[in-house]
Structure formats: C-alpha cells, structure tokens
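Listed below, chain by chain, are the residues.
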Amino acid sequence: MTYTSSAATTRVKLIPPKELPVLVQKENEYGSLTSKEFLLETKRLKSKSLGPPIMDTPPYYIVLITYLNYLILIILGHIHDFLGLKFQKEKHTDVIEQDGYAPWFSKFESFYVRRLKKRIDDCFARPTTGVPGRFIECIDRISHNMNDFFTYPGSTTMCLNLSSYNYLGFAQSKGQCTDAALDSIDKYGVQSNGPRTLIGTTDLHVEAERLIATFLGKEDAMIFSQGYGTNANFFNAFLDSKCLVISDELNHTSIRTGVRLSGATVRIFKHNDMTALEKLIREQIVLGQPKTSRPWKKIIICVEGLFSMEGTLCNLPALIELKKKYKCYLYVDEAHSIGAMGPTGRGVCDVFGVDPNEIDILMGTFTKSFGAAGGYIACDKWMIDRFRLDLSTCSYGESTPAPVLAQIISSTRTIMGQLHPGEGAERLQRIAFNSRYLRLGLQRLGFIVYGHPDSPVIPMLLYCPSKMPAFSRMMLQRKIAVVVVAYPATPLIESRVRFCMSASLTKEDIDYLLRHVDEVGDKLFLKVSSGKANVEEDGRPPRWSIEEVLEKTPQDCKYDRFFLD
Amino acid sequence: MVAAASIDAVASTLPNSIPVPVPHFIAKLGCQLSSLLTLLLIHIPGGTQLLTYIKKSIHDDPYRAAVEIGLIVYGILYWLAKPKRTKKSYILNDSKLLLSEREINDLIEDWEPEPLVDASILEEQRWRLQSIPVIDTVTDDTKSLKQPFINISRDDNKEFYKNVLNLTSHNFLQISSLPQVLDVAKQTVENYGVGACGPAGFYGNQDAHYTTEYKLAEFFGTEGAVLYGQDFCVAASVIPAFTKRGDLIVADDQVSLSIQNALQLSRSTIYYFKHNDMESLENLLIELNESEKLEKLPAIPRKFIVTEGLFHNSGDLAPLPQLTRLKNKYKFRLFVDETFSLGVLGKTGRGLSEHFNMDRSSSIDITVGSMATAFGSSGGFVLGDHIMTFHQHIGSNAYCFSASLPAYTVLTLTKVLEIMDQDNSAVNKVQVLSKMLHDFFITDDQLSKFVEVTSDEQSPVLHFRLNQSFRDLIFHYSMDSLFETIIKFQQKNSTTRFIENFENEEKFLQKIVDKALIKHNILISRNTIVMKHESLPCLPSLKICVNANISEKILVDALANIKESILHCCQELVPKN
C-alpha cells in the first residue's frame, strides 16, 4: 500500500528505541533515592473510623464563571451545529441519516464530544513510547483545524510522568521483573492458549494465584486477563434480580456494567456517607423488593478502596461494622489502593489494620502498582471453587499470558520482601513520602486538593473547563505530563488535574513539579482554597511562597498534625 | 430625607382613583414599597425604562398589573416552597407503613440473607473442577517436549500425564511460537517493560498500539481498528456503544455468551432468527420493515443483524453473501463476531469475507476479533469504518475505562500479521488438517450411530455431539426441551441451575475425554458452556482443535484412538437386549 506524504504523517510511527547508557536508562525509569530523609514509613490507622472527607469549596464567583464558561461553550456548540448542518453537510456526515441508514450516533448523544471535548482533544490520548516510568516519552504531534486531525513530525519529548498508574515504579525495562518476564517468554511463549477451564491454566497461573492469596491474606484467589473484564463479568455469577447491590455513587463503570449484567437491583448512596448508607440498608431490609415486598435474598455493599477521581479512601472500619450489624456482604475494589497503600502495600485493609477476612470479596488490578495487566478476585476457597465454574471469563475468555503473570509474581514478591529484600519496603516508603510531600506542598501554595493524606492519587481542582487545556498545555511545555479530567468522570463544574504519584520520582522531581505548578497556578488563577481543608494557621487561607514551601514541606509532610482527616 | 421626598413624589404619580376601595395603610405601604423599588431601579442600567413600563402599565390597566404582580408573588412562593412528595416512595416513615422503631428493629433482626455464593450443588459438580487440565512445565523433560505435546496435571497434582497430544489449543496457526516472533516480544519487553500503566485516553496508548491498529486495518482491508484488553469483553462493549432504547437488533438464536451479554446490555429491542436460516431472517426483516412504516418514527432507529463467523457453540459458518444481501436490502448493519474465523478462513486467513470472496469493508460493518485465538497473542479488537472506530474511543466502556494492552502483546500481533502477509502455509496447513478431521468423522459409519458433527469442514475446531436418537435413548431430552427448562429457570430468576439430564450428558462426555487422555494420551475437551449464563438454545458437545504444529500422521493416529474412546464409552451405555 502506498500513502501520500501528507497521509503518512497523520499516523503515529513506531519510534525506534533510543540508544542510551544502561545507567541513564535506569535513572529515567526509576530515579534513585537522593536521601534517606525522603522516605516515610506509614502508620496504620488502628481501625479508627474516618470522618466524612473535608471537601474545600471555591469562592462563588469561580462557580459562576465555570457555569458561564459551559453556557458559552454550549451555545456556541449549538450555533456551530445549526450552521454546520445547514451549510457544511459534507463535514457532518457522521450525524446525518444517509441512504436509509441511521447515523452511528445521534447529534444529541454526541454533542458533548463533538462540540466540547473536541476543542481540547490535544490534551487526551497523547501517544507515548517506551517505558512509562519516571519520565514518559511523549510523541510530538501538531494539531490541525481545531483538533480535526494531528500530524506527527516524528520527534519525541521526555516529560516528567505524573500521569501513569505506576505507583510503585515497577514499569521498568531492567530489573528482576523484566528478567522474569523474558524468562517466561522462553518457557511458555506469549499465547494464552484458551479459556482457563479449557486449556488456559498453566502451573504459572496456579503459582501466581497462590501467591496473591497469601499476599492478600485470603484463602484463595483468581487472576483474570483484564481488570475491567474482572468486574464486568463477575457479578452475574452469584447475583440475580432478587439481590440488592448497594453501591457508592462514585464506583467505577466496570462495577456498574457488571451489576447491570447480573440483573440485580442497585441502590446508590452518597460518596462515603456512612449515615446515608446505614439508613438505606435499614430501609431496604424492612421494605424488601419493590412491588413484591419480599425480603432481599442478599445485600452486597460495593465500594472502592481508593476512589481514583477523588483520592478518598473508603471508610473501611465503619463499613465492616455496618456489614456485620446488618448481615450484608462487602465487596471492595482495590484497583488503585492495592500495592500502593498501607505500611506493607496490602491496600486499604493494611491502612486501617483490618483483617482481610472481614471483607467477603476483595478485587483489584495488576495494571497499576504491579506494572502488569489484568485483575484478581480473592475470597474464601469454597467461593472461589464455585467462581471457577461459574464465571463466564473463565470458560469463554482468554487466560492471562505468561509474561504478565511473571511480572505479577516478581513484583508481588518484591513487595513482600522475598525478592531483593528491602527494595519493596523502600518503594512503599518512597511513594508514601512523595504523595504526602506533593499534597501538602500544593495545599500550602493555595490550591484545592481532594483526598486522603496518604493517597497516591492527588486531584487538584481547576473548575473552569477552559483552564483544563491551558493547564495541560502549559505543563507539557514545561515537560510535565499530567492528566486532566472533566465531566462525565467528575461532577460538571469540578474539572480537575489528577497527579498520579509514583515511587520512581525523586524529591527533586517533585520540587520541579511544584515550582511549575506554582507558576502556572498564578497565571491561571488556580490558588483559590479557603483553608477549610488545611490545618488552621492564622485563620487565613494558606498562600505560601514557593521557596517557603520547598524549605519546610519535606520535613512537615511526615507529621499527621499538618493534615486534616 | 431623600426617601421621604421621593415617597411623596411617587404618591403623586399614583392614579388618583383606585376603583376598589383600599384601606389607607395598604395604599401607604404600597407607596413606600414602590418608592424603594423605584430607587433601586433607577440605579440599575435599563431600570428607568422598566420603571416607565411599570408606571404605564399600572396607569393603563391596573387590573392587568395586579394579576401580573400576583403571578410574580405566586412564582416566588412556589419557588421557595419545599417540593411535596407526590410519587409514592419507599421511605420508612411513610404514612402507609406506620412502623415503630421497635418493629423496624425486629424486622432487621429477623432478616436472614442467603449465603453470598450458593454452594449447594458444588459437590455434585466438583468433577468439573477436577477435570481442568493444568499445563505443567516443572518436570525436567519439558525442554525435550515439542509442540504439540505437553505435560499436564489435574485435580491439584493428583493426576499427572506426560507427553500428551494437545488437541485443545485455540492457538491454531502457532505462528506466535516461532522464534522470530518471540524475539519481537522479548525486544518489546526490553524497550517498553510489561504493563502500559494507563488507559488509552491518558497516555496508555503507545506507538505500539497505534501501529498495530494500522496494521490490523490494513491486513483486513478496513478503514480502522480498535484494540481491547480482553476478547470476551469486546462485543459486550461495542454493541452497547452504538445502541440505545428503541434501536433494533436481529440476532442469530445460537450466538455465544459474549454476544448474549452484549444484547442484554444494549437496551435495544431484540429479535431472534433461526440459526443460520436466511428465510427466517428475511421474513423477520420484512415484518420489522412493515411495522416500522406503520409506526412513523421521527428518526430511523439504528438496526443491526448480529451473528458469528464460526459459531462458538457449533462451529458452523454464517452464510455471509446472503446476510450481506439482506442487510443491504433492508438497510441493516451487519455485526459479525469472528473470534474463531479470523486467521483460519480464506486463502490467506483474512476470515469469513475472504472465504466467500467478498470485500470486508463493504460486506461487514462491525467485525469483532480476538488476538488470543488464531493469532496467538492476547486481547481483542474491532474492525470497521473510520466513524465507527473513532466513536469507540469515547463511547465504548471496555476501551475507555480499561488499561491499554501490554506493548509486547500488540507488537507480537503485528509480527504475526507480517508473517501471514508473506506466507500462508500455516493457514493452508490448518485448513488441510481441518478438512481431514472433518472428513474422518463425517465418513465413519460406526461413529455416526452415536455422534453427529455440527461444525463446518473449514473450522479448525471440530464440534461433535451425541445424535438426538442416542440422546433420547440415554439422557431423555432434546435441545428444545432443554431450552424450555432454561426459560423456566430464567422466569424464576434462579441463579443456580442444575439440570440433571444435561449434567449427566456432560459427565458422560467428560468420560470420553478422560478415556482418550488416560488410555491414549490425547487431550480433547468438552465445549465449555456455563449453563447458568446461557439464555439461548444450546447442547453439550465435544471439541477437537487442530493447529499447524500437528503433522498429518499424528492426527490420523490420534483420530483412530479418539474414535475408539468414543465407541467404547458409547457402547457401554447402549442397553443390551
């Protein structure tokens, strides 16, 4: 096939890997620790129940401006649509009926995407290459015609990586995990033979599942090839329409899809609001199923360990108390918390010092902290036995390929201290320090930051939709890769940037980040915190200077007294 | 001072005679209020014009002004009033449910939930767990073992089988186990690490993923391709991305579970046509077209025909030429799940469309494929036109909310496709073996007494099941009666479905598998269907999969042995008269 020269550049080309000295390469993927000062051993919360999270609110004029911003965008979008569909039909073939066929998606459904998101498409799906470690190599692209299409000149930019879910820094191309993955390719190949119950199981699967079960402190575990698929095809194995799922309003789409597929009834409670949850449970037990009023067969409370958009932790001790009191079952999705949180990296149970067996079903993914792919389910053996037979993914879907399993096994063993003793602990202490340092730094500078002090996900609020692309582009100019998120992943006005902390970053990297966020924050007028979510200083909202922050925060962030919650 | 003066000023502007007698204090209050309002309005830009308007309106038509003011007051009151609960809601303290705190507590105390997972039939089905083979590589002689032979253990290492001929692998072409492909995989791991550590929208899509998408689209001759993390999730994510309430889906009534899930999630109106019966399909389409004309909808609904390339449960082919003709005639879009047919059908392995000498981009609108079957990597993908593939980047849940595939899996696929471009010997080999396998079973008179083959001669997976007369004799049920039972279970919403006859037949089929394994060291398998999820007609069957690494001689020998196992097990069951 031949392409014209202009067409060829609209494609992302495979970038040949750079020839770098091994040491430099290693530093680029995982910066070595600059001082023992910058480690932090987290303490357990000793089953202490959390209070409701303190969410700072912006001044009213910010809210007003944000709504105005959306209003203008929507009005312009409608004008654009009206004129476009009148005069430029050839450019809108995707939303017009053609030749008796309905369009793939309707004008109304796709309005937000076509008229709002498209304006800032250059901030999403930036192609990258190489290891998404401490630095990420973004492939440069040039936007044409308001993000209508991009061209790729073939160059790349190394950016500081605040975007990948590489919490413990296991995204590496050197080290024990890569070695294990390479060995497994020799031994097992790359294919996933078939479904698990057919021929997809190898001794490596058995080993990995046992290891994960031990790591989590559960009797048995199962591993699947995709995290989304784990949730999406899980609930229909044991729920039906006479069961009730009580779900946190911010639960991930995969859980919602899974529950919808099971046909179970769903009731939503306000994010982390334990009083509302208790009220709902009491109400539902008494009222039973709608119409028939028969009691529910079973009630399952579904929450996430660490909520990826808010950085808040679920209130585990309170949840366990409620679950015991009302004989409900508890399902915790630890996609973001497993590996990244707790003194030994065992997720929310570890953070609160709760026995994992208090939770009926633990679910998590390997994409994040483990640098692999896939998901797991961990629970009692008799349940797993049943799941092995009943889960559709086991009998119809592919099994996890060997290199991914090898990565899972080696990274888990590193966290547990069985491989390279001390390394796992250091990674955990680095991410704990890094997360708290960045969070406190941003708070002191005057930004509104959500979430738990130890959370490696640090969402910083931007509010106005127009500030999202501005922030993202300015950070990219400063060679920092960040993720901006907006509606529908967040409430309409709470557009935000989400910093994903990693153990591979050094304290100096965070200094660099803070300096630039400070500068951009001033330009974009983002320092609007009221001081409500910070520790009281002198009654005024915190607006420290950057020098002051860099000087004091590395020490201060280690003490709980500088954080609320 | 100023205020007092202006009150008088306003009072003088009031109409001298209000037709209705008004007490003095009301008039005075009105004056004061209006003077305050006037002061306020004067200072607002445009207020003076408004003021003139109000004055004029009071002057010209005081009744209308009174009504207007009344309306404004009512509006404000309505806005301030708390919304009344008009809908009957389920709130505990509802007047309909006068329960005291103690009664509520008693009810809560009394409630006994069922166990989280129903383990009641676990013991009856434990044999299923015990018969899952685990490929073993710990044994020393693994290195000397060459594909297609493997070592397997079962039932927690209680049983162990060495040097077993593997006739179950879905990796039909075995190209991905070639050394040059493994080298690509290793190089990629050395350059990219393993995980992509992020979803596609947030820095998770690497140059590797884009390259693979181009390569896939190029290879299959479509405008675009989209990669997914797991093949089973693809259909269930793609169909709901393009359908909503009111859309129409016409589906084959024996599609596999991934499509059944997709249909359930699609929210659309679903009709089924008889398995591969084009007459039934056409009648249905005519009927639907007519009812649509009667309804006079404001916009055309989206309409899809959904089927599979090589069926998961039976291994037969969908008649693409007729399907394409019908979909063009009745303005439907065609969705084909080609999980099993891509890579094995057609001269160069380009799937169903090549098999029928058709152009993929003009005959099939959405193709779903798997990288985990014939191509021997992992993950799934969708092929189709630009608009459709582009919309998935934002509309398809399993794409947006899931991490990108590890780079090595996608670059492996690129390499596999590259090899297939140059050399179709693996595809040919698989087709020859498939034909051999098929012919052996079709032509054998002894076997046809007991079993029937449902799969096509091109299918690398041979599906065979007990024929109906034998099933009637031994297990006393048929596909129709089984489907009736399934429907009954569905209506009762029971999660646990234990159908004894079905279970017995599955057990019997497993006996044949065990016989072949224990006596002849050959691994074949039952078709893995999970009864509790199935909502369409199905029957238990056995599968034999061939792959390019098996030589013809090995296959011939193996088939003789499999035949012996089948005959042995079946003859045991036949009552001797």
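Definitions and cut-offs
- Residues numbered from 1 in each chain as written.
- Chains lettered and ligands numbered in written order.
- Predicted model: local features only at pLDDT ≥ 70, side-chain atom pairs only at ≥ 80, totals over all residues.
- Heavy atoms only, no water.
- UniProt positions renumbered as here; feature names shortened; annotations may be inferred.
- Helix = DSSP H or I, 4+ residues; strand = E, 2+ residues; numbered from the N terminus.
- Buried < 20%, exposed > 50% of the residue type's maximum accessible area, 1.4 Å probe, protein only.
- Contact = heavy atoms within 4.5 Å.
- Areas by Shrake-Rupley, 256 points an atom, 1.4 Å probe, with all protein chains shown as cover.
- Buried area = accessible area lost by both parts, 1.4 Å probe.
- Salt bridge = Lys/Arg side-chain N within 4 Å of Asp/Glu carboxyl O.
- Polar contact = N/O pair within 3.5 Å; in protein donor to acceptor, adjacent residues only side chain to side chain.
- Nonpolar A, V, L, I, M, F, W, Y, C, P; charged D, E, K, R; others polar.
- Domains from an automatic or database assignment.
- Pairing = 2+ DSSP bridges.

Chain B is annotated in an unreviewed UniProt entry as serine C-palmitoyltransferase from Henningerozyma blattae. UniProt's Cofactor (unreviewed entry) comment on chain B is quoted here verbatim: "pyridoxal 5'-phosphate".

The name given to chain A in an unreviewed UniProt entry is serine C-palmitoyltransferase, and the organism recorded there is Henningerozyma blattae. Listed under Sequence similarities (unreviewed entry) in UniProt, the entry text for chain A is "Belongs to the class-II pyridoxal-phosphate-dependent aminotransferase family." Check the Cofactor (unreviewed entry) section of the UniProt entry for chain A; it says "pyridoxal 5'-phosphate".

We now examine the overall build of chain A. Helix and strand counts for chain A come out as 19 helices and 16 strands. Counting only C-alpha atoms, chain A reaches 65 × 60 × 60 Å along its principal axes. For chain A, with 565 residues in total, the buried portion stands at 65%. For chain A, the proportion of contacts with a sequence separation of at least 24, taken over those separated by at least 6, is 73%. As displayed, chain A offers around 20600 Å² of accessible surface, 57% of which is attributable to carbon and sulfur atoms.

With 125 residues of chain B at the contact, the number on the chain A side is 131 residues. With both chains or domains summed, chain B and chain A bury close to 11200 Å², and 61% of this area falls on carbon and sulfur atoms. Per-residue buried area on chain B facing chain A is highest for Trp111, Leu116 and Tyr203 of chain B; these three make up 10% of the total on that side. Summed over the shared surface of chain B and chain A, the result is 9 salt bridges. One salt bridge in this structure joins Asp186 of chain A and Lys186 of chain B, with 2.7 Å as the shortest N-O distance. Applying the counting criterion to the chain B and chain A interface returns 51 residue pairs in polar contact (both at pLDDT 80 or more). Among the elements that line the side of chain B that touches chain A, the one with the most residues is helix H7 (residues 179-192) of chain B, at 7 residues. Here the residues of the side of chain B that touches chain A are counted per class, giving 61 nonpolar, 37 polar and 27 charged.

Next up on the list: the domain arrangement of chain B. Residues and elements named next belong to chain B. Examined at the domain level, chain B breaks down into domain 1 (119-166 + 425-573) and domain 2 (178-422). Inter-centroid distance (C-alpha atoms) of domain 1 to domain 2 is 27 Å. Listed per partner, the contact involves 23 residues of domain 1 and 25 residues of domain 2. Contact between domain 1 and domain 2 buries roughly 1700 Å² in total, counting both sides, with carbon and sulfur atoms accounting for 55%. Its largest share of buried area at the contact with domain 2, domain 1 owes to Val427, Gln458 and Leu536, together 29% of the area lost on that side. Along the contact surface separating domain 1 from domain 2 lie 0 salt bridges. Counting every contact that joins domain 1 to domain 2 gives 9 residue pairs in polar contact (both at pLDDT 80 or more). At the level of secondary structure, the elements contributing two or more residues to the side of domain 1 that touches domain 2 comprise helix H19 (425-443) and strand S12 (461-466). Sort the elements by how many residues they give to the side of domain 1 that touches domain 2 and H19 lands first, with 4 residues. Among the residues forming the side of domain 1 that touches domain 2, the class breakdown is 9 nonpolar, 12 polar and 2 charged.

This brings us to the sheet that holds strand S15 (residues 542-545) of chain B. Strands pair in a sheet through their backbones, by hydrogen bonds, and they do so in one of two ways: parallel or antiparallel. Residues and elements named next belong to chain B. Pairing is antiparallel in the open sheet, where 4 strands are placed in the order S11-S12-S15-S14. The open sheet terminates on both sides in strands that have one partner only, identified here as strand S11 (451-453) and strand S14 (525-526). Note: S11 against S12, 3 bridges, orientation antiparallel. Note on S12: the bridge partner recorded for Val453 is Phe464.

All names here are of chain B. The 4 strands lie next to each other as S1-S2-S3-S13, forming an open sheet whose pairing is mixed. Every other strand in the sheet has two partners, leaving strand S1 (134-136) and strand S13 (522-523) as the edge strands with one partner each. For strand S3 (residues 159-166) and S13, the ladder comprises 2 bridges, and the chain directions are parallel. In the strand pairing of S13, Asn166 is matched with Leu523.

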